[in-house]
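Structural overview
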Amino acid sequence: MIKKIIYSLILLLLVAGGALFAINGKSHYDPSKYSASATKGLTVGSKLSFTLPDQFDKPVTLTPKTQKVIFVFAKATGHTVREFLKKQDKNYLPSRHALFVADVSGMPTIIRNTFALPDFRKSPYSVALIYDKAIAATYKNAKDADKITVVTLKNQTVTKIQTVTTEEALKAALN
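Residues numbered from 1 in each chain as written. Predicted model: local features only at pLDDT ≥ 70, side-chain atom pairs only at ≥ 80, totals over all residues. Heavy atoms only, no water.

1. Some remarks on the packing of helix α2 (residues 75-86) against helix α6 (residues 167-174)
The criterion, for reference: In this analysis an axis means a line fitted to C-alpha atoms, helices contributing only their contacting stretch, and an angle means the value between N-to-C directions, from 0 to 180 degrees. Secondary structure elements are taken from DSSP: a helix is a run of H or I of four residues or more, a strand is a run of E of two residues or more, and numbering for both begins at the N terminus. For classification, angles of less than 35 degrees are called roughly parallel, those exceeding 145 degrees roughly antiparallel, those between 65 and 115 degrees roughly perpendicular, and all remaining angles oblique. Crossing handedness is read from the near helix: turned anticlockwise from the far helix by less than a right angle, it gives a left-handed crossing, and turned clockwise, a right-handed one. Residue contacts are counted whenever heavy atoms from the two residues lie within 4.5 Å of one another. Residues are grouped as follows: Ala, Val, Leu, Ile, Met, Phe, Trp, Tyr, Cys and Pro are nonpolar; Asp, Glu, Lys and Arg are charged; every other residue, Gly included, is polar.
One way to put it is that α2 packs onto α6 with a least axis distance of 10 Å and a crossing angle of 70 degrees. Comparing their axes, α6 and α2 come out roughly perpendicular. Judged by the twist between their axes, the crossing of α2 over α6 is right-handed. Contacts between α2 and α6 involve Thr80, Val81, Glu83 and Phe84 from the first element and Glu167, Leu170, Lys171 and Leu174 from the second. In terms of residue class, the contact of α2 with α6 is made up of four nonpolar, one polar and three charged.

Rendered as structure tokens:
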């Protein structure tokens, strides 16, 4: 009797896991809609350009009016930025002509769709998402991948790059 219950539970878990994978295991990212470039990589003097999807699949485009871009390439730094932004007014980024860009290219699709995207969708601000590893490589500096990168721009040209690790340093970099 107990054996049947255990087998039934295992079968139920397998069916539920398969259903979850079938529902959330497919990527809805369409690379033909999005692009990104940096004339000299992420360095001072490089001209940046991108259109990336946000957490609601709406395009986020870097414009000449954008003055700051916050890049995160690791889960921990993403959490630091999100915790900081939770404490700010919902217009904090737009009032500073700033964008927040998070690299999700390394996440398995099922994890991204089941956990990360629903969590991002709770945010009152837009988060541009990098799904493509090639796009991530354009902006990622391997030695600083575990830090928050704040890029200052003038007419889409990089004038300053700062790497920070704390909310206080992030606030200073954005002011």
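We are not done yet, so read on.
2. Here's the deal with the packing of aromatic side chains
Note the threshold: Stacked, tilted and edge-to-face are the three classes assigned to paired rings of Phe, Tyr and Trp, where Trp is represented by its six-membered ring and a pair needs centres within 6.5 Å; plane angles under 30 degrees give stacked, over 60 edge-to-face, the rest tilted. Only protein chains enter the accessibility calculation, which uses a 1.4 Å probe; a residue is then buried when its area is under 20% of its type maximum, exposed when over 50%, and partly exposed in between.
Within the structure shown, the criterion is met by six aromatic pairs. Judged by centre distance (5.5 Å) and plane angle (80 degrees), the rings of Phe84 and Tyr92 are edge-to-face. The same class applies to Phe84 and to Tyr92, which are both buried. Relative to Tyr125, the ring of Phe100 has its centre 6.3 Å away and its plane inclined at 45 degrees; by these criteria the two rings are tilted. Taken together, the residues span a long stretch of sequence, with Phe100 in strand β5 (residues 98-103) and Tyr125 in the loop between α4 (109-120) and β6 (128-130) at a distance of 25 residues. The rings of Phe50, Phe71, Phe73 and Tyr139 are connected pair by pair, giving a single aromatic cluster.

3. Focus on α6
Formally: As used here, the arc is the angular range of directions from the helix axis to the C-beta atoms.
Turning to α6, its buried residues are Leu170, Ala173 and Leu174. Down the axis of α6, the buried set is contained in an arc of 95 degrees. They therefore lie on one face. Residues of α6 that are exposed and point more than 90 degrees away from the buried face comprise Glu168 and Ala172. Against β4 (68-72), α2, α3 (92-95), β7 (148-154) and β8 (157-164) lie the buried residues of α6.

4. Some remarks on the environment of Gln156
Mapped onto the fold, Gln156 is located in the loop between β7 and β8. Look at Gln156 and you get buried, because its relative accessible area is 11%. The spacing of Gln156 and Thr63 is 93 residues in sequence and 6.7 Å in space, taken between C-alpha atoms. Setting aside its immediate chain neighbours within four residues, Gln156 contacts Ser46, Lys47, Leu48, Ser49, Leu62, Thr63 and Pro64.

5. Section: the pairing of β8
Here is the rule: Pairing between strands is defined by DSSP: at least two bridges between them are needed.
Pairing between β7 and β8: seven bridges, direction antiparallel. Its bridge partner being in β8, Val151 is matched across the sheet by Ile161.

6. With respect to the sheet that holds strand β3 (residues 59-61)
Taken together, three strands build an open sheet; the order of strands is β1-β2-β3 and the sheet is antiparallel. The open sheet terminates on both sides in strands that have one partner only, identified here as β1 (35-38) and β3. When the angles between neighbouring strand axes are averaged without regard to direction, this sheet yields 20 degrees. Where β1 lies against strand β2 (residues 48-53), four bridges are found, and the strand directions are antiparallel. Within β2, the residue paired with Ser37 across the bridge is Ser49.

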